[in-house]
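A structural walkthrough
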Amino acid sequence: MIALNDSQDSQRFEVGTLVQHRRYGYRGVVVAVDESCRADEAWYQKNQSQPDRDQPWHHVLVHGSPSVTYAAGQNLMPDSDLAEIHHPLVAEFFSSFDGEKYVRNNRPWPAG
């Protein structure tokens, strides 16, 4: 199962799931999930779409770049490509790729 909640408004993806951003189109892999937005108010106010803070938010390693994004569940969808993600932190946080999702290792995601 890719998403834990089928409601588009509050979709929560499992760590290791390949996702695509609905608005910006980038692909990536979920490396960590917060049950609600943990970013400070200044960051949130700069967010162009300002989705509801009270929903799962995902730390996503973006394919083909060194970027890590913080995206609300409603802005993500399952990635139909299922191709491996090329990001410098993949090997730091995942032990393998099974052809559909990444297997997370025990290294903790940085808090804050």
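See the structure printed just above.
Summarised in this report is the structure supplied together with it. Predicted model only: the values in this text are computed from it and were never measured.

With respect to the pattern of salt bridges
With the rule as written, the count across this model stands at six salt bridges. A salt bridge links E35 to R12; the nearest nitrogen and oxygen atoms lie 2.9 Å apart. Here E35, found in the loop between strand 2 (27-34) and helix 1 (41-46), pairs with R12, found in the segment before strand 1 (18-21); they are 23 residues apart in sequence, far enough to count as distant. Taking the relative accessible area as the measure of exposure, R12 reaches 23% and is therefore partly exposed. In this structure, the salt-bridge partner of K101 is E14, at a minimum N-O distance of 2.8 Å. Of this pair, K101 sits in the loop between strand 6 (94-97) and strand 7 (102-104) while E14 sits in the segment before strand 1, placing them 87 residues apart in sequence. Among the residues examined, K101 registers a relative accessible area of 24% and is labelled partly exposed. A network of salt bridges, in which partner residues are shared, links R27, D79 and D81.

Quick look at the pairing of strand 6
Sheet topology places strand 6 next to strand 7; three bridges connect them, and they run antiparallel. Following the sheet pairing, F94 is matched in strand 7 by R104. Between strand 6 and the antiparallel strand that follows it, strand 7, lie four residues; G99 among them carries a positive phi value of about 95°.

Quick word on the sheet that holds strand 2
The antiparallel open sheet is built from five strands, whose spatial order is 4-3-2-1-5. Strands with a single pairing partner mark the edges of an open sheet, and in this sheet they are strand 4 (68-72) and strand 5 (76-78). Geometrically, the sheet is characterised by an average inter-axis angle of 50° between neighbouring strands, direction not taken into account.

Comments concerning the packing of aromatic side chains
Counted by the stated rule, this structure contains six aromatic pairs. For the pair W43 and W57, a centre-to-centre distance of 5.9 Å together with 75° between the ring planes defines the contact as edge-to-face. Of the two residues, W43 is situated in helix 1 and W57 in strand 3 (residues 57-62); the sequence distance between them amounts to 14 residues. Overall, the relative accessible area of 34% leaves W43 in the partly exposed class. Taking relative accessible area as the criterion, W57 reaches 0% and is therefore assigned buried. Taking the centre distance of 5.3 Å and the plane angle of 55° together, the rings of F94 and Y102 count as tilted. Across the pair, exposure class does not vary: F94 and Y102 are buried alike. Seen from the ring of Y44, R53 lies directly overhead, with NZ or CZ sitting 4.7 Å from the centre.

The rules behind these values
- Residues numbered from 1 in each chain as written.
- Predicted model: local features only at pLDDT ≥ 70, side-chain atom pairs only at ≥ 80, totals over all residues.
- Heavy atoms only, no water.
- Salt bridge = Lys/Arg side-chain N within 4 Å of Asp/Glu carboxyl O.
- Helix = DSSP H or I, 4+ residues; strand = E, 2+ residues; numbered from the N terminus.
- Buried < 20%, exposed > 50% of the residue type's maximum accessible area, 1.4 Å probe, protein only.
- Pairing = 2+ DSSP bridges.
- Axes fitted to C-alpha atoms, helices over the stretch in contact; angles between N-to-C directions.
- Phe/Tyr/Trp six-rings, centres within 6.5 Å; stacked < 30°, edge-to-face > 60°.
- Lys NZ or Arg CZ within 6 Å of the ring centre and 35° of its normal.

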